[in-house]
Amino acid sequence: ADFDDKKKRKVAEIYQALNSDPIDVATLRRMAISEGGLLTDEIRCKVWPKLLSVNTDDLPPLPAGKELREDSKDYQQVLLDVRRSLRRFPPGMPDDQREGLQEELIDIILHVLKRNPQLHYYQGYHDIVVTFLLVVGDRLATALVEKLSTHHLRDFMDPTMDNTKHILNYLMPIIDQVNPEVHDFMQSAEVGTIFALSWLITWFGHVLSDFRHVVRLYDFFLACHPLMPIYFAAVIVLHREQEVLDCECDMASVHHLLSQIPQDLPYESLISKAGDLFVQFPPSELAKEAAQAERTAASTFKDFELASVQQRPDTVLRQRFRERLRGEERLQAEERTKSILTKPRTNRFVKLAVMGLTVALGAAALAVVKSALEWAPKFELQIFP
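Let me begin by describing the structure that accompanies this report. (Residues numbered from 1 in each chain as written. Predicted model: local features only at pLDDT ≥ 70, side-chain atom pairs only at ≥ 80, totals over all residues. Heavy atoms only, no water.)

Turning to the overall build of the protein chain, a few remarks are in order. If you tally the helices and strands in the protein chain, you get 22 helices and 0 strands. The proportion of buried residues among the 385 residues of the protein chain is 46%. With an accessible surface of roughly 20,000 Å², the protein chain has 56% of that area assigned to carbon and sulfur atoms. (Helix = DSSP H or I, 4+ residues; strand = E, 2+ residues; numbered from the N terminus. Buried < 20%, exposed > 50% of the residue type's maximum accessible area, 1.4 Å probe, protein only. Areas by Shrake-Rupley, 256 points an atom, 1.4 Å probe, with all protein chains shown as cover.)

Taking 1.5 Å as the rise per residue, helix α7 (residues 125-136) with 12 residues should run 16 Å; its terminal C-alpha atoms sit 17 Å apart, in good agreement. The buried count for α7 comes to 11 of 12 residues, which makes it a mostly enclosed element. Looking only at α7, the buried set comprises Y125, H126, D127, I128, V129, V130, T131, F132, L133, V135 and V136. For α7, the elements touching its buried residues are α3 (41-51), α5 (75-83), α6 (95-115), α8 (138-150), α12 (197-201) and α13 (211-222). Two residues or fewer after α7 comes G137, characterised by a positive phi angle close to 85°. (Expected span 1.5 Å × (residues − 1). Contact = heavy atoms within 4.5 Å.)

Moving on: the packing of helix α1 (residues 2-19) against helix α2 (residues 25-33). Taken N-terminus to C-terminus, the directions of α1 and α2 make an angle of 150°; their axes are 8 Å apart at the nearest point. Taken as axis vectors, α1 and α2 run roughly antiparallel relative to one another. Seen along the crossing, α1 lies across α2 with a hand that is left-handed. In this structure, α1 uses K10, E13, I14, A17 and L18 to contact α2, whose residues at the interface are T27, L28, R30 and M31. Among the residues forming the contact of α1 with α2, the class breakdown is 5 nonpolar, 1 polar and 3 charged. (Axes fitted to C-alpha atoms, helices over the stretch in contact; angles between N-to-C directions. Parallel < 35°, antiparallel > 145°, perpendicular 65-115°, else oblique. Left-handed = near helix turned anticlockwise from the far one by under 90°. Nonpolar A, V, L, I, M, F, W, Y, C, P; charged D, E, K, R; others polar.)

What follows covers the layout of surface pockets. Empty space within the second largest pocket amounts to approximately 420 Å³. In terms of lining residues, the second largest pocket is bounded by 18 residues, among which F3, K10, E35, G36 and L39 are the most central. At the level of secondary structure, the elements contributing two or more residues to the lining of the second largest pocket comprise α1, α13 and α17 (267-280). Looking at which element gives the most residues to the lining of the second largest pocket, the answer is α1, with 6 residues. (1 Å grid on protein atoms, 1.4 Å probe; cavity = no way out; pocket = protein on both sides within 12 Å on 5 of 7 lines; lining within 4 Å. Points joined across faces, edges and corners; volume = space filled by probe spheres on them.)

As structure tokens, then:
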């Protein structure tokens, strides 16, 4: 009964924020982030547009699908992806209803791409669109997805993966701030961050089998800074600390472990932790380390490229490479010892202690809301050159 009372109070507060003039968007963001999120799809239909500042009064009618399909260079790929999306529909939904929704899904995607030629379709995009379609229906979904695609998802919709990789580069610095041991283990295993790619570009829609968990996360992400999904990815890895450290320290084992996402995650506490970490280690603070990660990856790749261009007999190359690696390893080991002795980790522990590890969500929500409001595509282009 206590839970029901809390729920009733929350619903009342959400409607109050919706009915105030002007609409109290800050409260709506806080409601979307705090425990339980927006509670029902009926409320989501009203609040999601406000979180994305989409005007629902004059939604454009959807164009007929036929011309869209004939004109679109992406049609075949979208069709394949949508056909494969069976498990994204509620189990037990009648076939004809599901097939109708799949047709709508294709039309929404092609419509958004046609109106925004600067956006490029990527596999996994349909996982986000279907979530909106199932919650708010096709017309509203089209408007919301278009806004989302030109804002939050903009970086995934570039012609290349560069910006997406750049966002993935925030993952390790966040883990390092909270748990250097897990960070160093993952570095030693050379696992990289590709295991989190499908999480990021589908907002976890592709990897979670329970639709309720997916929409709960969408409430959270829609109310926050566009980088929040990468903080959430970090929190999942940190939550699995023990499994990670018990794993064989090699790329295949760690990648396999991490890419299988457990379905029974404690979502509410992870959401609140992700909010905390965002407040403690905002993207601006991590940007330098993320750029560092980018350079390392790029420079080792360059070495391989150069090596293959020089066409020396293979053995000489391998030997050279080994010698260089040994030299580098020695240097790195010396550097590491030096940095362990001098690295000011204290600052982090003080910070974590002050924050009390899991902040009452109020503070986190406010900071997250503030930064979400400051975030605009212009800003985005500067951080992701």
